[in-house]
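As a plain string of letters, each chain reads:
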Amino acid sequence: MSCSVDFTHLLHSTLQTQSLFFSTFNINTYQKPTSSLLLLSMSPGAQAQQAFRIEPRNLTVRMGATAVLKCEVLRASGTVQWVKDGLLLGPQRSLPGFPRYSMIGKRGQYHLRIENAQLEDDTFYECQAGQSDTSEGIISNAVWLDVLIPPSNPYFTMDMAAYWVAGESYRVTCVAPDAKPEAEVILYKGMFLALFCLYFYIWFLCYRVTALSSDNGRLLACHAKNAALSKPVVTTVTMNVYYPPDAPFIVNLDRDEVRAGRMLMLECVSGSGNPLAALRWSKNGEIVSTTWEADEFARKSRSVLKMVITPADNQAELSCESFNAVSLSPLSITRKLDVFFDPEELTLSGSLEAIEGQEVVLSCLAASSNPPVDIRWWLGYKELNNTVFIREEGDNGGMTTVSNVTHRFSREDNGLMLNCEAFNKGTRFSKIKAAKISVYYPPQKVWLDAPAQDVPLNAGTKVTLICHSTGGNPTPTLTWLKNGKAVAHAPKQTSSDMAAARELHLVLTASDNMATYRCDATNKAKKTISAHAKLLVYFTAVSMKITAHQEVLRQGEVLTLECLAESSNPTANIFWSVGAVRFGVTLSTKHQSGAVTVNSTLLLNLTSQHHKQNVICQAYNPVLEEGANTYYQLNVLHPPEFSSAQPTEIQVEEDEMATIPLLVSANPEGISCVWLHRRETLVKGDPDGSLEIRNATRRDAGLYTIKCENEEGVSQTAITLDVLYACDVTAEKDPVFVNLGGTADLICVADANPIISDMFSWKWLGEEEVEMGEETQEDESGLLTIRNVTRAHAGLYQCTANNGIGLSGSVNVQLVVQFKPELQKGPQWRKVASRGDGSTTAELVCRAEGIPRIDFSWEKKGVLLDLANPRYEEKTVREGSFHTSTLRVVNVSAVMDYAVFSCYARNSLGEDKVDIQLVSTNHPDPPSMFRHVSSTHDSVTLEWIPGFNGGLQQKFRIRYQWDQSVSFQYVDVFPPDATTFTVTGLQPVTVYNFSINALNAIGESDYADNNAVLTITTMCQFGVTRIQISPSELPAYMTAVFTFVIGIVLMLNVLGCFLGLRWKKKCDQRGTFSSSRSSQSSVRNSNKYESGEKINTAAQRTLLIDSGSETESHVYESCDDSHYYYHPTIEYRPSLRPVPEERRGLGETQLCLWPNNSKHIYHLYDVIIPICVLSRCSRCRPPSCEPRQPCI
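To start, this report covers the structure provided alongside it. (Residues numbered from 1 in each chain as written. Predicted model: local features only at pLDDT ≥ 70, side-chain atom pairs only at ≥ 80, totals over all residues. Heavy atoms only, no water.)

This part takes up the overall build of the protein chain. Each helix and strand in the protein chain was counted, giving nine helices and 95 strands. Looking at the protein chain residue by residue over its 1192 residues, the buried ones come to 41%. Intrachain contacts of the protein chain at a sequence separation of at least 6 include 65% that bridge at least 24 residues. For the protein chain, the accessible area works out to roughly 64,900 Å², and carbon and sulfur atoms hold 51% of it. (Helix = DSSP H or I, 4+ residues; strand = E, 2+ residues; numbered from the N terminus. Buried < 20%, exposed > 50% of the residue type's maximum accessible area, 1.4 Å probe, protein only. Contact = heavy atoms within 4.5 Å. Areas by Shrake-Rupley, 256 points an atom, 1.4 Å probe, with all protein chains shown as cover.)

Written out as C-alpha cells, the structure reads:
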C-alpha cells in the first residue's frame, strides 16, 4: 500500500476532526443533574443564602502532577462536597475511599486536591453546597480537568536491523504511542528532515524513503512531541545501506613476460562497496584463491596471490574478480602471462662406444622451451660442425629442438668428453649435456706361468696357474678353460693400465692328469688371443663301490661282498674292515688309459651286532702313501633286543612326571610294544618313546612289564617304579586321655616313602614350657611317651614328619589330663555379703577345675539344699575344664540365710568341698602375700592377693616410709582392682618400709599379712660431675703417679660394685620379711590357695604399665602413727636433692657419685674416668651392718 499522501492537506483534515470531537461537549450548556443530588427547595423564612465566592475553573495538568480545583463558599450552612462525573465524593475533607483526593483550605474554602493525576481523573467536576435550614443548596458550573500524557518512546514498526539496498524505496513507519493530546512525529535522515507524521490514537501517517549509498552509516531519527513535553522524545537507528564495490585492479604485475621459477606476489585491490568486496583469483577459468582481507578503515579489500611461475603457466589467463551481496555480477580484470622457460632436460642419444674406425651418428634433443634454444656440439676442445637441426611445437606452448651429428672415431678419441650445449636467448641461460666417448681395440700379447709337463704332481697338491695379458681397450677379460670348458672357480682377474692377470688355483685330482688348461684374452674389440698348458698327476682310486650278493640279510647267514676301486695312478692295494676287525682279500687288476682298476671279495658271518654297522673297503697307494675308501651299511634282520643301558628301577617324586625309558632295538623297526602293570595293559607304545605318567601318585608304584615284537620275534623285560612322596601324618588316637600321674603315649603315623630314621619330631604348642617325654620311632610310627603326667602337660602337641621329600607333614594331638575336682578357695570365694532385710538377692559362686565332667551339690548348715524351693536357684556353666555353679538366694533373710553353705564338686576321680559363708556387708578383709616384684633407682613394683571385699567395691592403699621421713606417705592404687602397682618418685639407695590395706565404703581393713612391713632398698643411680684438669700444670713424674693411683681406684671401684650387688641380693633374701617372720608364717599356713589365685604373667605386665602413672595416684601423709589424717595431693612427689650436671669439655673427667656426696678427685690426665663412690652405710646397710660401717 502506498502512503504518498499530500501532507499539508492531511494535517488540516486531522485538526478539523479534533475540533469536532471537543465541540460535542459544551461546558456552558451542560445540564446539571439536580433531581438526584440536591433538594433545592427552601423552607419559608430562609435567611443568609449560601453563595460561591470562588467557583472552580477548567484546569489542565500533566499526568503525575497535582491538580487543585478551587471552590470557596460564603455563609456555608449546608454540606459542601464535590461531584466527579456525577458521583458524590463525600463531605469529609480526607475523602475516604479516594486516597489521592482531599479537600484543602481554610474555613469556607473547599479546594479539591488531586495528587498524581492519572488518565482516569480526566473528566468534569462540580462543587456544591447542600440545603440547610437557612439556605437553599447551590451548585457550581461543571469544569473539566484535562490530564496531559506525554508520548512514550517512539519505535519503528519495520525491521531496522536489516540492510537496505541503494536505489530501492522502503516504507518507514514510526509510532509514538500513549500520548494525549496526539503526538507530532517528525523523521530526520542525518541532519535533514525526511517526513512529517501525526499520530491520532490508533492511526498514523507514514512515508517512503529511497536508500542512497551515501546514507550508509547515517542516523534515521524519529522525534515525537506533544503539549505535555518541552523537548521531543527521540528514537534513532543507523542505516545500513548495501551497494556494490568498484572494479578491481592488479598491483605488482608491470609486464606480461615473466621467467619460470620466479615467485610472483600479486595484489588485487577493490575499493568502496558495502559490504566490502569479496575477491577471488582464477587461472584459465579455474579458481585458485578465495582468500582476501577487508580494511574497514580504508574502505577497500585486498587479496594477495603468491604464485611460483612454472612453464605450465605460459599463455595462462590470470583474473581477479570483486563482488558483494548486492552485486548484479562480479567485476574483473584479466592478464595473459608470457612465460620464458628453459628446456627441462637435454637427451643425448646414440652409441657412445665404438670400435676403432667405426662411424657413429649422435643426436641431442632439447625439451620444450620458450623461446627455442640453439644447439652446438663439442668433442674435447674441438667443435663438430657436421650437424642438422629440427624444431617442433612442444609442451606449454614452447618449441623442442633436435640436433644430429655424424663422426668417425679413432683410438685418439678414447676418453674425450662429448658436449651438447643448448642456449636460450630469452632467459640468457645455457644447459650442457656431456658424455664420455669410449673407443675399443684388441690386446697385444697373452702368456702362462705353469709347471713343466713332464714333472709328476700328486693328487691333492695345490698348483697355481697364472695368465698374463698386455694392451687393449678396454682391459681384456681373461677366461680359464679345462679341456675346452670354462673353469667356474677361477679367482677374479687383476688389471692395471696396460696389463691384466688372472690366477687359477688347483687342488689336483685324477681329472687333472694330462688335462689341457687354456687362457683366452678378449675385450669389446671382439678379437681373442690364447695360451695353454698340460699337467701329469698321481692319484688314488677315483671311485670305489661295494656290491652285496644277497638282498635280504638275517643274523646267522654268510654275506658275500665285492669291492671295485676304479682308475688309480699308480696301482692301489685293497683292505677290508668291519669295526676294528680287518679281513684278508683276493685281488684282481685292470689297466686302462694309464690308470689301474682293482677288484676284491669278502665273506662275512652276520649277527645282530652287525646291524647298521659299516663294512669298509680301502684302496691304498704306496707311492702316494694315501688311499681312498668306501663302506657298505649292513641291514641285518633280528627280533627285538633290549639295550644293556635299559634301567631296571626308576624313582620319582609324587606329583611329578614319571618317565620310564624304553631302550629297545630291532630290525625291521616296526616294533609293537605293550606296557603291562598289575596284569593290566596300559598303552601300546612307540619303541622309540618312553612311558610318561603325569602327576605320578603312590598308586602308580610297582612292576611294569614291556613286551615288544616284530616280524622276526618277541622279547620282554621288567622295570620297577618307586614313587617317593612326602609324609602324610595322622594321629593314631586323638584326643589322648590320661589320669594325673599316669603315662601318656601319643602316637602319630606317617604315610610316606621312603621311611627314614629320625623322621619324627614332637613340639609342645602351649605357652609355658613343660618337660617333653621320650621320642621314639617304630617304622612308620612316631611315639611320644610322657611319664608322671602333670596338669601342665595337658594341651596340644604337634607331631611333624619329614623324609626329605616335599614339605613336612604334621598333625596336632590333644592330651587331656584327667584329675579330680579342685575348687578355688581364696578369701574372695569363701565369703559372700548381702543385706539381710529380705530385699536383696545373694549369689554364691563355686568354681572348680577338673576332668572329666564335674557335678555340683549344695548344703546349708550340713543339710542338702532343696533346689526345688523357689528361694534357691542354681545354674552351672562349663568352659573347658572349668565348671562354675552359681547359687542364687532370693530375698536374703539375716535369720534364715546368714549361715555356712557347702559346695561339693564331684567327678569319677574324686570330689572337693568349699564352705562359703553368707554374711552381712562389712569392711574388707586385709590383702595377703604382699611381696616385692622389682625395683629401680627411683621406683618399686609391688604385688599382693586381694582379700574378701566385704560385699562392696574395694580399693587398695600403699603406705611407705624411709629412715629420714617424719611421717608415712600413702598412695591409692589405680585402677582400684589392680593387684600390682609401681610406686615412683623414690630416692636411690634408700631403705623403704611398705605396707598395704584395703578400703570400701564401710571402712578399711588391717594391713596385709598381720600388719607385716616389707623392707626394700632402691638401686644405685650414677650421676655426672666435672673436674677441670690442666695437664700443663703438673710435671711428668706426677702424671705417672696419678695414673697409677687412678688405676688402683678403678680396680677397687669394680670390686666394690661386685660386692655391693651380692650384698643387695642377700638383703632381698634375708630382709624382706625380717621384722614379721612369725606373722608371715601364720599367713603362709592360712593361705594355701596362693598358687590358684595369682594373676597370670601377661596380666601382671599390663597392670604394671597401667598403674605405673604417678599422676593417677593419690599420696597421703600422716603426722602421727596412731591417728591418720589424710591429705590428698594429686601431683605430690618426694623431694630429691638435685645432682648438678654441667657441660664437659676437653680436660674434664666423669665421676659417678651418690647424691649428697660430692667428692672431687684430681688427676693430670686428659681422660674421662667414671668412679662410683658409696656415701654412707646407713643408706644401704643390711640389718647385720654396724652403724657407719663402710660399704666398700
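This brings us to the sheet that holds strand 56 (residues 581–583). Ordered by their spatial adjacency, four strands build an open sheet running 56-55-59-60, and the pairing between neighbours is antiparallel. The two strands at the open ends of the sheet, each matched to only one other strand, are strand 56 and strand 60 (626–633). In this sheet, neighbouring strand axes are inclined to one another by 25 degrees on average, regardless of whether the strands run parallel or antiparallel. (Pairing = 2+ DSSP bridges. Axes fitted to C-alpha atoms, helices over the stretch in contact; angles between N-to-C directions.)

Direction of pairing for strand 70 (residues 736–739) relative to strand 76 (residues 809–823): parallel, over a ladder of four bridges. Within strand 76, the position partnered with Phe-737 by the bridge is Val-816. Summarising the sheet, strand 75 (residues 795–801) and strand 76 pair through seven bridges and their orientation is antiparallel. Bridge pairing in strand 76 links Cys-799 to Val-811. As paired strands, strand 76 and strand 78 (residues 842–851) are joined by three bridges and run antiparallel to one another. Bridge pairing in strand 78 places Glu-822 opposite Glu-849.

Another point: the sheet that holds strand 53 (residues 553–554). With respect to topology, three strands assemble into an open sheet ordered 53-61-64, the strand pairing being mixed. Lying at the two open borders of the sheet, with one neighbouring strand each, are strand 53 and strand 64 (664–667). Strand direction decides the pairing type here: strand 61 (residues 636–642) and strand 64, joined by three bridges, are antiparallel. Its bridge partner lying in strand 64, Glu-641 is registered against Ser-665.

Further remarks concern the state of the cysteines. For the structure on display, the rule yields nine disulfides. Between the sulfur atoms of Cys-71 and its disulfide mate Cys-127 the distance is 2.0 Å. One quick way to see it: the torsion about the S-S bond of Cys-71 and Cys-127 is about -70 degrees, and its sign makes the bridge left-handed. On the criterion of sequence distance, the pair formed by Cys-71 in the loop between strand 3 (67–69) and strand 4 (72–74) and Cys-127 in strand 9 (residues 124–129) is long-range, its members being 56 residues apart. Residue Cys-71 is classed as buried on the basis of its relative accessible area, which comes to 0%. Between Cys-268 and Cys-320 runs a disulfide, and the two sulfur atoms are separated by 1.8 Å. Across the disulfide from Cys-268 to Cys-320, rotation about the S-S bond amounts to roughly -90 degrees, and the bridge is consequently left-handed. Highlighted residues: Cys-268 in strand 24 (residues 263–271) and Cys-320 in strand 29 (residues 317–323), separated in sequence by 52 residues. For Cys-320, a relative accessible area of 0% puts it in the buried group. Not part of a disulfide, Cys-727 finds its nearest cysteine sulfur in Cys-799, a span of 9.2 Å. For Cys-727, a relative accessible area of 8% puts it in the buried group. (Disulfide = S-S within 2.5 Å.)

All right, on to the nonpolar core then. If you look at the biggest cluster of nonpolar residues, it comprises 25 residues, and the most contacted ones within it are Trp-480, Leu-504 and Tyr-517. Elements with a minimum of two residues in this core: strand 42 (445–449), strand 44 (462–470), strand 45 (477–482), strand 48 (499–507), strand 49 (516–522) and strand 50 (529–534). (Core = buried A, V, L, I, M, F, W, Y, C linked by side-chain atoms within 4.5 Å.)

So, about the side chain of His-793. Relative to the assigned elements, His-793 resides in the loop between strand 74 (781–786) and strand 75. Classification of His-793 as buried rests on a relative accessible area of 8%. For His-793, the side chain forms a polar contact with the side chain of Thr-790, separated by 3.0 Å. Contact partners of His-793, with chain neighbours within four places excluded, come to Trp-764, Val-770, Glu-771, Ile-786, Asn-788, Leu-815 and Val-817. (Polar contact = N/O pair within 3.5 Å; in protein donor to acceptor, adjacent residues only side chain to side chain.)

Shape descriptors only; they carry no functional weight alone.
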